[in-house]
Amino acid sequence: MIRTTAPTGSSCCSPSADASLDEVASRELEAFVRGQDPVDVAATDWHTRREQGLSAIEEAEFQAWRAAHPAHARAWAQVDDSIRLLRSMPAERVAHLRTPRRGSPPHQTERPPQASIDTPAIGQKRRTRNDPWRSPAPSARSWWPRGFGAGVAALCGVCTMAAGIAWYQWTQPTFANTYAAEQGQRLDVPLPDGSHLTLDADTHLEVSLYRNRREVRLAHGQAMFNVAPDTARPFDVLAGPARVTVVGTRFAVRYMRDGADAGTVNVAVEDGRVKVADATIDAREQSSRQLVELSAGQGVQVSLSGQMSQVSSISPAGIAPWRQGLVRFTNTPLSDAVHELERYHATRLVIRDPEVAALRIGGSYQIGRPDIFARVLPQILPVRLVARDDGSTEVVKAR
């Protein structure tokens with residue numbers, strides 16, 4: 001099962017459509033404005049109107065608004081300080097801001113530069129009244145498309161507002177999907193970045209690809225990751241208390257919310273190197289005990305509290321045996337073994353006796369043959385099988 005979320009920041013309209021790129025930008029800006037403090041919006045509007053020139057009556061209205069409440073005065077001062085700071089920026093910084101960023105959405109590269117950055121360099125002759133540079137800091141209205149509405153266009157006069165929109169777009173994923181492999185199902189997932197995921201049965205995860213990073217959130221289950229190398233975009237797998245970070249490698253992660261190892265995370269590396277860390281602690285505060293580097297043929301377990309086990313050696317054949325149709329148990333309680341097999345097929349095995357449930361079992365078994373598993377039980381454990389009228393089979397103590 002796959003649930004898809006359309007990439008944020010992509011345009012749904014062709015160049016010939018009625019909704020132009022500027023109209024898309026307008027809608028995004030208006031949505032951004034609705035989330036702002038009305039006092040800040042009003043302060044920005046007054047600032048732009050004053051730069052364009054107020055009549056005596058309008059100036060009196062502005063002074064009355066600013067004096068009406070301390071919050072008005074604070075908002076005005078913040079807007080004024082922001083504009084002053086922007087105008088004091090060096091010419092080279094202004095040129096940098098005017099340069100479109102690689103990877104930005106199409107409508108961002110089509111937009112005019114951010115507000116009030118067309119200030120002439122010191123000593124440059126000011127242009128005529130009809131020239132866009134007729135004042136040291138032209139209003140934001142000069143570069144927004146017509147028909148925006150006075151309030152929305154005025155808000156663009158504050159560079160922090162415009163930068164907020166760009167930042168919002170930059171932090172949104174370019175690709176986001178939710179994947180779920182149900183009971184008995186295995187799911188192969190190719191990703192747009194060239195990576196490939198293989199989900200075992202009863203596995204749920206979310207994939208988000210950003211412009212500067214890649215992230216998978218494993219909610220439950222186990223998966224094999226074949227990550228395409230990209231040094232500019234590290235690949236993180238978040239599973240319970242663990243964060244697994246790579247650039248390019250093949251590794252397996254298991255995180256179950258129930259069963260024998262409920263709440264713990266198991267990581268095994270087949271090729272390359274990975275870093276395993278306690279996801280509940282800031283990376284800058286982690287000690288060597290909370291960060292482990294694994295190379296090919298190594299594995300580690302992260303407990304529910306974030307504690308790391310000793311690094312163990314694992315043969316390539318022992319990593320993600322479910323890919324070969326096997327499930328492996330090592331001193332596992334019988335009830336947990338049956339629960340694990342139920343992730344693939346209905347076993348119809350019932351265990352009611354706590355002593356029988358606690359019996360330990362080991363070995364490798366075929367995922368798709370629970371009948372063989374059941375027949376083996378009386379040969380390796382002191383139990384017998386009793387058929388019930390409802391079609392189930394109860395595992396009870398041997399007489």
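Residues numbered from 1 in each chain as written. Predicted model: local features only at pLDDT ≥ 70, side-chain atom pairs only at ≥ 80, totals over all residues. Heavy atoms only, no water.

Undergrad: So what's going on with the environment of V267? Which residues, and what values?
TA: Its location among the elements puts V267 in strand β10 (residues 265–271). Using a relative accessible area of 3% as the deciding quantity, one classes V267 as buried. For the pair formed by V267 and I319, sequence separation is 52 residues and the distance between their alpha carbons is 9.3 Å. Sequence-distant contacts of V267, that is, excluding residues within four places in its chain, are made with V244, A252, V253, V274, V276, L294, Q298, G299 and V300. (Helix = DSSP H or I, 4+ residues; strand = E, 2+ residues; numbered from the N terminus. Buried < 20%, exposed > 50% of the residue type's maximum accessible area, 1.4 Å probe, protein only. Contact = heavy atoms within 4.5 Å.)

Undergrad: Any details on the confidence of the model for the protein? Residues and values, ideally.
TA: Predicted coordinates in areas of low pLDDT are best not read in detail. On average, the protein scores 76 in pLDDT, and the residues at 70 or more come to 67%. Here helix α6 (residues 106–110) stands out as the least confident element of the protein, with mean pLDDT 38; strand β4 (residues 196–199) is the most confident, with 97. Within the model, pLDDT remains below 50 along residues 4–22, and this stretch shows 21 contacts once partners closer than five positions in the same chain are excluded. Segment residues 100–157: pLDDT under 50, and 101 contacts once partners within four positions in sequence are set aside and those in other chains are kept. (pLDDT = per-residue confidence, 0-100.)

Undergrad: Tell me what's going on with the pattern of salt bridges, and back it up with residues and numbers.
TA: Opposite charge on two side chains permits pairing when their charged atoms draw close. Counted under the stated rule, the structure contains 20 salt bridges. The partner of R233 in a salt bridge is D230, with the nearest N and O atoms 3.2 Å apart. Because the salt bridges share partners, they merge into one network encompassing D200, D202, R254, D261, E340 and R343. (Salt bridge = Lys/Arg side-chain N within 4 Å of Asp/Glu carboxyl O.)

Undergrad: Describe the packing of aromatic side chains, and please don't skip the residues or the numbers.
TA: Pairs of aromatic rings are described using the distance from one ring centre to the other and the angle between the two planes. Overall, the coordinates contain eight aromatic pairs when judged by the stated rule. Taking 6.5 Å as the distance between ring centres and 25 degrees as the angle between the ring planes, the aromatic pair formed by F62 and W65 counts as stacked. With F62 and W65 both in helix α3 (residues 56–68) and three residues apart, the pair spans about one turn of that helix. Accessibility expressed as a relative area gives 0% for F62, which makes it buried. Since its relative accessible area comes to 15%, W65 is described here as buried. Ring centres 5.8 Å apart and planes at 35 degrees place the aromatic pair F329 and Y365 in the tilted group. (Phe/Tyr/Trp six-rings, centres within 6.5 Å; stacked < 30°, edge-to-face > 60°.)

Undergrad: Give a description of unusual backbone geometry that names residues and reports values.
TA: Backbone geometry at A320 places phi at a positive 50 degrees, although glycine is not the residue there. Relative to the helices and strands, A320 is located in the loop between β14 (312–313) and β15 (326–333). By relative accessible area, A320 is classed as buried at 9%. Despite not being glycine, R348 shows a phi value in the positive range, around 60 degrees. Its location among the elements puts R348 in the loop between α9 (334–342) and β16 (349–350). Under the relative-accessibility criterion, R348 is labelled partly exposed at 46%.

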